[in-house]
Amino acid sequence: MHKCEVLVIGAGPAGLSAALEAARGGAKVLLVDENSKPGGQLFKQIHKFFGSHEHRAGVRGIDIGTQLLKEAEELHIEVWLDAEAVGIFNQTEVWIIRDKQTSVTVKADRVIIASGAIENSVNFPGWTLPGVMGAGAAQTMINLHRVLPGTKVLMIGSGNVGVIVSYQLLQAGADVIGVVEAAPQLGGYGVHTAKVRRAKVPFYTRHTVKKAWGKDRVEGATIVQLDDKWRPISGTEFDVDVDTICIAAGLTPLVELAFAAGCEPIYTPLLGGMVPWHDESMKTSIPSIYLAGDISGVEEASTAMEEGRMAGLSAAHSLGYISDSDYHTHFEEAQRRLDVLRAGMFGQKRRDAKAAIIGHQRG
Amino acid sequence: MKDVDIYDQPLKVTGAVSMVELHNSPCYTLPPTDRRALAAVIECVEEIPCNPCETACPTGAITIGKDITTIPVVDLAKCTGCSLCVAACPGMAIYLKKYEFVENEAYIAFPFEYLPLPKDGDTVRLVDRLGNYVCDGTVLRVVQAKRNDRTTVMHVSYPNEYYERVVSMERLSKA
Amino acid sequence: MSYRIVDHPVLGPLEESEMVTITVDGKKMQARKGEMIAAVLLASGTSYFRKTVKVHEPRGIYCGIGRCTDCTMIVNGIPNIRTCITAVEDGMVIETQIGYGEWKKGDTHA
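The rules behind these values
Residues numbered from 1 in each chain as written. Chains lettered and ligands numbered in written order. Predicted model: local features only at pLDDT ≥ 70, side-chain atom pairs only at ≥ 80, totals over all residues. Heavy atoms only, no water. Helix = DSSP H or I, 4+ residues; strand = E, 2+ residues; numbered from the N terminus. Rg over C-alpha atoms; globule rule 2.2 N^0.38 Å. Buried < 20%, exposed > 50% of the residue type's maximum accessible area, 1.4 Å probe, protein only. Contact = heavy atoms within 4.5 Å. Areas by Shrake-Rupley, 256 points an atom, 1.4 Å probe, with all protein chains shown as cover. Lys, Arg positive; Asp, Glu negative; His and termini not counted. Charge placed at Lys NZ, Arg CZ, Asp CG, Glu CD. Buried area = accessible area lost by both parts, 1.4 Å probe. Salt bridge = Lys/Arg side-chain N within 4 Å of Asp/Glu carboxyl O. Polar contact = N/O pair within 3.5 Å; in protein donor to acceptor, adjacent residues only side chain to side chain. Nonpolar A, V, L, I, M, F, W, Y, C, P; charged D, E, K, R; others polar.

Asks: How should I be thinking about the overall build of chain A in this particular structure?
Replies: Check the secondary structure of chain A and you find nine helices and 19 strands. Against the compact-globule benchmark of 21 Å for 363 residues, chain A has a radius of gyration of 21 Å, which places it among compact chains. When the backbone C-alpha atoms are referred to their principal axes, chain A occupies close to 65 × 45 × 40 Å. The 363 residues of chain A split such that 60% are buried. In chain A, once contacts between residues fewer than 6 apart in sequence are set aside, the share between residues at least 24 apart is 61%. Total accessible area on chain A stands at roughly 13400 Å², and carbon and sulfur atoms take up 52% of it. In chain A, the 36 positive side-chain charges and the 41 negative ones have mean positions that sit 5 Å from each other.

Okay, structure coming up:
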């Protein structure tokens, strides 16, 4: 059985940040990821991030990712790629399958789960056709693999993921023929929608896809308007010529490991549904298990990194590493940076949702 | 929806800021027609935590302040038209403008992150906030500076009767 | 129609790569070494990767990150391989999968 002090599951922005802080504190860290490359969604974010200088605002996600990996290398953190965590037993033993063939159990004093989230789907006749995919899948193809999944794209969903991926599809050389949004208002930042609109991509609020068709792949779709009770209005249908339909309808936290381990759940509709309950230090109902990033509630990469730092600090501190005063100083700095991100017309709601999770009286 | 109706619709419906919303926002400081030098124009009307424009400005012409969700404001008296903020803005929401570059021609410097790029002297099709064609412009400079981190800044002259309306250019056909 | 992004305003030009030879449904083709099978096939304009059991509906990629199993194909004789997270290797044999596949004891490529 392999032993370590802090096992971090998931090497995306949250997991990387957690591993870095725990290692800096002096703990023996093992970072595992099921993919053959680390970074999670970070290496697909080719746009410049928001926030302020302390959040690395103005730096592209891909470059922040490279920086985090460099720091992990400098700290000589042990990293297992192609390592899929498939179960947690007795709250501290993690079953991992390496290279899709070797079974390993890791005994860890603390486990930080940073497994991220998965895209939601919108189901309409024809949604199973090749060419219909998650917006994240399209982003993976264009920014990681440098392949266009199609050339005429319809985007479903106007949240930040939908509009950012629409912009990146344009940058990759595709045409985005429109963005449909079922709600009466667009969801993403105004500056993101403005970029896309300047490229003459129309936005259709109160519209959705009625159906898609095609033989071997998508060839066209019908868009329909919705009334104020979200019902399709007969007679408003119009067809579009597309070969790709991207679905950006939100994300759902990947909670299987945490729940299988026995972490208590809590329902948070704004942040993605069922998540494991956690306190302000990112600790779950199981004292040896911590969380960071989208698994604890869907937000963004910048908040994932701060939560990762807080989880890493807390896990290491709970093992006796890091003095109380150092812990409080660094933890409060991360908390402050996090609060700054959870402000304004978009962020305040997330802040309230997080406060509701943390403040929940457990039965 | 008729074209004229679309131009009145708000940001959260069309995706583009309407002129009413812009004129009501503290961020929008279109330089007066008699201003001799280029100046920054910011079109960022929502309170989001973000301040690289303030950080990038070497003369302190952009103010956001301690609460970084505050909408940025340009002090035209301090702005030298250096274009650092144009590339620094993660939202691509800033450009420089001047009403009279040469007689009857205005000047705009806007961020552009597409390929292919035009060359100096090329004629390009300029667009408004909805992406609709407004007029042709002439490329003066295509600036690709390392400190701008792959955000090209396009310097273009265009008929100044469209001074306020033009904000960007059409992507060129794929190479 | 090439779906390959040869030049990109942020990612830059596509770098040269060592090429490997793979076989797709009997046809030999060149692929960039280490690239995911799904990306190679999308780049060459492949419409679908498999067909479903009963009504033989075409399926392609959906999540793109190895979670949904929509993109599975037969690789080196082993079915149900997630092509979006499996890299090409020289000599690899890839086939469109029709219907269910069964793993036999000893199959190690998952």
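Asks: Would you mind showing me how to read the interface of chain C and chain B here?
Replies: How big an interface is tends to be stated in terms of accessible area lost as the parts join. Across the boundary between the two partners, chain C contributes four residues, which contact four residues of chain B. Between chain C and chain B, roughly 360 Å² of surface is buried when both sides are summed, and carbon and sulfur atoms account for 66% of that area. Of all residues in chain C, D7, P9 and V10 of chain C bury the most surface against chain B, accounting for 97% of the area lost on that side. Taken together, chain C and chain B are joined by zero salt bridges. Inspection of the region where chain C meets chain B yields one residue pair in polar contact (both at pLDDT 80 or more). Of the residues contributing to the side of chain C that touches chain B, the split by class is two nonpolar, one polar and one charged.

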